[in-house]
Amino acid sequence: MNSKPFKFLVLGALLVCAVNFADATETNPPKQGDTIVNSENLSQKQQSMALIASFTATGDRMNLKVALNDGLNAGLSINEIKEILVQMYAYTGFPRSLNALDAFMTTLEERKQKGIKDRAGKAPLLLPKDKSKLELGMQIQTELIGAPVKGAIYDFAPTIDIFLKEHLFGDIFGRGILDYQSREIATIAALASLDGVESQLRGHLRIGQNVGLTPAQEEQILALVKRDDGKAIFPKGEKAAADYFTGTAWVNHLASRDETGNFSVDDVIFEAGSRNHWHTHPTGQTLLVTEGEGWYQEWGKAARKIVKGDTVVIPANVKHWHGAAAKRGMTHIAITGFRDGTAVTWLEPVTDAQYSNLEK
Ligand code: MN
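In what follows, the accompanying structure is described. (Residues numbered from 1 in each chain as written. Predicted model: local features only at pLDDT ≥ 70, side-chain atom pairs only at ≥ 80, totals over all residues.)

Attention shifts here to the overall build of the protein. Summing up its helical and strand segments, the protein has 13 helices and twelve strands in all. Taking contacts inside the protein between residues at least 6 apart in sequence as the whole, the part at least 24 apart equals 73%. (Helix = DSSP H or I, 4+ residues; strand = E, 2+ residues; numbered from the N terminus. Contact = placed C-beta atoms within 7 Å.)

What follows is the structure, given as C-alpha cells:
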C-alpha cells in the first residue's frame, strides 16, 4: 500500500462515507481487539444482517438465500431486510444490490408458497420538512463519526461530499427502519467481504464503536463473514447422486483404482448444508479438507468440525458421514480403499434433525 500512497489516499477517502482524511492517512493500526471485552454476542438477527450484507457484497446468490431465510426466521421484517439490500448499493454498487433484491423477492415467494407468513415491518420515515437533505445528512454523518467530516478529497471533488451527505446519510440513513448500529453491522460485513477497501473498513470499525458495538462484537462480524477467496483447486465434477447425498454436492473423480494402488481419489465439493448419507468403507478412507468448513461424524459419537487444512482418517467399517456446515460449503479430497471391488456401503440419510443439532 505504501508504494501507491496517492491511490491509497484517494481510495481511502472516496467511498469512505465516513472516514475523514486524517484517519485514512493514519499509519497506526486501528485500535481494536487490544482489550478483552466481556460482551454479549451479536443476536441472531444481527448475525443474519451481517451475512446478508456479506453475500450481497460477494454476489453469492445461493448463500444469500440461506441467509435471507435465516434472517426472516430470526425475526427480521421484510422491510428491514429490504433496507439492508438498498443500503448496500451505496457500498457494493447497484448490480449487487439489484441481484440481492431479486434473490429476496424469490425467497419471499418461495416462503409464501410454503405457507410462511413474513412480517412486513415498519415503513420508512418521511424526510423532515424543516431541513434540507444536506443538513440532515451532515447531522447524521457528524453524529456517526463524532465530528464534522472534512478532507482534501472533498475539496478536490466536492460532488462526492454532497452525494455522501445528501444521499447516503440524508436519503438512506434518514429513512429509519434500521438503527445506525444495524446499518453499521451491514456495512462492516460488506466491506470485510470486499477486496481493497481496508481503510474504509477500519473507518467503519471505529464508527461501529461510536454506535455501541463492542470490539468483541466487531470481531464476531469479521469472523462470521471471513471465507476463503481462493478458487477451487479442482473443477466441479458430476452432481452427487441424490440416492446417497442430501443437498447439492459435486464429485470429481480424479484417479481410479489400478495397479499402482487399491484406492480411488475423488474431489468432493459440498455446498452449504449438503452432506452424504451414513456409510462405511471396507478398508477405510482418508479425507483432506481443502476448502471451507464442515462436519465429520462417526456413529454414536459427537460430530467433529472440520476446516480447510484438516485431515480425517476413517477406520475400516466405521459408520460415518461427512459434509458441509449449514452456512458454509466444504471441499475435501477423499482417498478411498477397496476390498473385493467395493469402496463404500451406503446406509440411511443423515436426518435434518441430526444435522441441525450439530450447530447447537
Ligand atoms: Mn466416507
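Quick look at the packing of helix α4 (residues 61–73) against helix α6 (residues 94–113) now. At a closest axis distance of 10 Å, the pairing of α4 and α6 adopts a crossing angle of 55°. In terms of axis orientation, α4 runs oblique to α6. Seen from above, α4 lies across α6 with right-handed handedness. Packed against α4, whose contacting residues are Arg61, Leu64, Lys65, Leu68, Asn69 and Leu72, the element α6 presents Asn99, Ala100, Ala103, Phe104, Thr107 and Arg111 at the interface. Looking at the contact of α4 with α6 residue by residue, the class counts come to six nonpolar, three polar and three charged. (Axes fitted to C-alpha atoms, helices over the stretch in contact; angles between N-to-C directions. Parallel < 35°, antiparallel > 145°, perpendicular 65-115°, else oblique. Left-handed = near helix turned anticlockwise from the far one by under 90°. Nonpolar A, V, L, I, M, F, W, Y, C, P; charged D, E, K, R; others polar.)

Soluble globular proteins: nonpolar side chains tend toward being buried together. Counting residues in hydrophobic clusters, the biggest one holds 57 residues, and the most contacted among them are Ala50, Ile52, Ala53, Ile84, Met88, Ala186 and Ala189. Split by domain, the residues of this core number at least three in each of domain 1 (4–124 + 176–227) and domain 2 (238–358). (Core = buried A, V, L, I, M, F, W, Y, C linked by C-beta atoms within 7 Å. Buried ≥ 20, exposed ≤ 12 C-beta atoms within 10 Å, placed from the backbone. Domains from an automatic or database assignment.)

Our next topic: unusual backbone geometry. Backbone geometry places asparagine 317, a non-glycine residue, at a positive phi of 60°. Secondary-structure assignment places asparagine 317 in the loop between β9 (311–314) and β10 (320–324). Residue class for asparagine 317 comes out exposed when judged on the 12 C-beta atoms lying within 10 Å of it. A positive phi angle is found at aspartate 340, which is not glycine, with a value near 50°. Topologically, aspartate 340 is positioned in the loop between β11 (330–337) and β12 (345–346).

Right, let's talk about the packing of helix α3 (residues 44–58) against helix α12 (residues 215–225) for a bit. Two quantities define a packed helix pair, namely the angle between the helix axes and the distance between the axes. In contact at an axis separation of 10 Å, α3 and α12 are set at 45° when each is read in the N-to-C sense. In terms of orientation, α3 and α12 fall into the oblique class. Remark: the crossing between α3 and α12 carries right-handed chirality. Taken together, the residues of α12 that come into contact with α3 (itself represented by Gln47, Ala50, Leu51 and Ser54) are Ile221, Leu224 and Val225. Its residues placed into classes, the contact of α3 with α12 shows five nonpolar, two polar and no charged.

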